[in-house]
Amino acid sequence: MPPPGPDHPITLEPAKNRWRALFEGHVIADTNDALILREANLGPVVYFPREDVAMEYMGRTDLRTHCPYKGDASYFTLRMESRIEDNVAWSYEAPFPAMGQIAGRIAFYPDRVEVYEVDDAQVNPHRRHHDDLAREDVDQIVQHTDAGDGHSQKDRWPPNVEGPDADGGLR
């Protein structure tokens, strides 16, 4: 196995954004954990974690190929509704050590499956990380929520605690 080098550079990096794969109008892969492989003069390849691929539509085929830089690849056929795309995706189950991060991940031929980057905020406008939801946001929601009689709930319930004491407990 020749290692990647100046004559055949290969880089592997975590994707900064969410990625999807679309086939026949159906999202068949969706992840925030994609890896982008850039190899020599070839276009970038997005590798999806297998758990983020709809494997129920995928069937392993007999096709095997060998890459002197990555190892042996196995292939998958995609069956959805009346469409069958043979050998549309591949995976390196046991790649060479230098490419170990792609082990078991799935990549799709982009001319047969639409692979695209997604702005997570556009597809999940209401998603917020737990740490991002500050107490002040909750208070604002409660204060501006109608109590049922057209008035704010702000004055309905006085706090039942004073706040943390010096030991971190509630008084």
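The text that follows walks through the structure, step by step, so that each part is easy to find. For every chain, the first residue of the written sequence is number 1, and numbering continues from 1 along that sequence. The predicted nature of this model means local features are confined to residues of pLDDT at least 70 and side-chain atom pairs, given and counted, to a pLDDT of 80 or more, with totals for whole chains, interfaces and linings taken over all residues. Just so you know, side-chain values use all the structure's heavy atoms and leave hydrogens and water out.

Points about the overall build of the chain
At step 1: When you go through the chain residue by residue, the secondary structure sums to two helices and ten strands.
At step 2: From first element to last, N terminus to C terminus, the chain shows the α and β order β-β-β-β-β-β-β-β-β-β-α-α.
At step 3: For the exposure calls, accessible area comes from a 1.4 Å probe over protein chains only, and a residue counts as buried if that area is under 20% of its type's maximum, exposed if over 50%, partly exposed in between. When the 171 residues of the chain are sorted by exposure, 33% land in the buried category.
At step 4: Pairs of residues are marked as contacts when any of their non-hydrogen atoms sit within 4.5 Å. Restricting the contact set of the chain to residue pairs at least 6 apart, pairs at least 24 apart contribute 46%.
At step 5: Within the structure as shown, the chain displays about 11100 Å² of accessible surface, and the carbon and sulfur contribution to it stands at 50%. Put simply, DSSP H or I for four residues or longer makes a helix, DSSP E for two residues or longer makes a strand, and each gets a number counted from the N terminus. Only the protein chains shown count as covering a residue, and every accessible area follows the Shrake-Rupley method with a 1.4 Å probe.

Notes on the nonpolar core
At step 1: Counting residues in each nonpolar core, the largest one holds 20 residues, and the members touching the most others are Ile28, Phe48, Phe108 and Val113.
At step 2: Among the elements of the structure, strand S2 (18-23), strand S3 (26-31), strand S5 (45-48), strand S7 (71-80), strand S8 (83-91) and strand S9 (106-108) are those that each provide at least two residues to this core.
At step 3: When neighbours within four sequence positions are excluded, Ile28 is seen to be in contact with Ala21, Leu22, Phe23, Asp52, Val53, Ala54, Leu78, Met80, Phe108 and Val113. The nonpolar core is taken to be a set of buried Ala, Val, Leu, Ile, Met, Phe, Trp, Tyr and Cys residues, with the residues joined through side-chain atoms within 4.5 Å.

Observations concerning the sheet that holds S3
At step 1: The antiparallel open sheet is built from three strands, whose spatial order is S3-S2-S10. The open sheet has two free edges, formed respectively by S3 and strand S10 (114-118), since each of these has just one partner strand. Recorded for the sheet is a direction-independent mean angle of 25 degrees between the axes of neighbouring strands.
At step 2: For two strands to be treated as a pair, DSSP must find no fewer than two bridges joining them. In terms of strand pairing, S2 meets S3 through five bridges, oriented antiparallel. What sits directly across from Phe23, in S3, is His26. Axis lines are fitted through C-alpha atoms, for helices just across the contact stretch, and the angle between N-to-C directions can take any value from 0 to 180 degrees.

Things to note about unusual backbone geometry
At step 1: Positive phi outside glycine occurs at Glu81, with the angle close to 55 degrees.
At step 2: Checked against the element boundaries, Glu81 lands in the loop between S7 and S8.
At step 3: In this structure Glu81 comes out as exposed when scored by relative accessible area, which is 68%.
At step 4: The backbone of Asn87 shows a phi angle near 50 degrees, a positive value even though the residue is not glycine.
At step 5: Within the secondary structure layout, Asn87 lies in strand S8.

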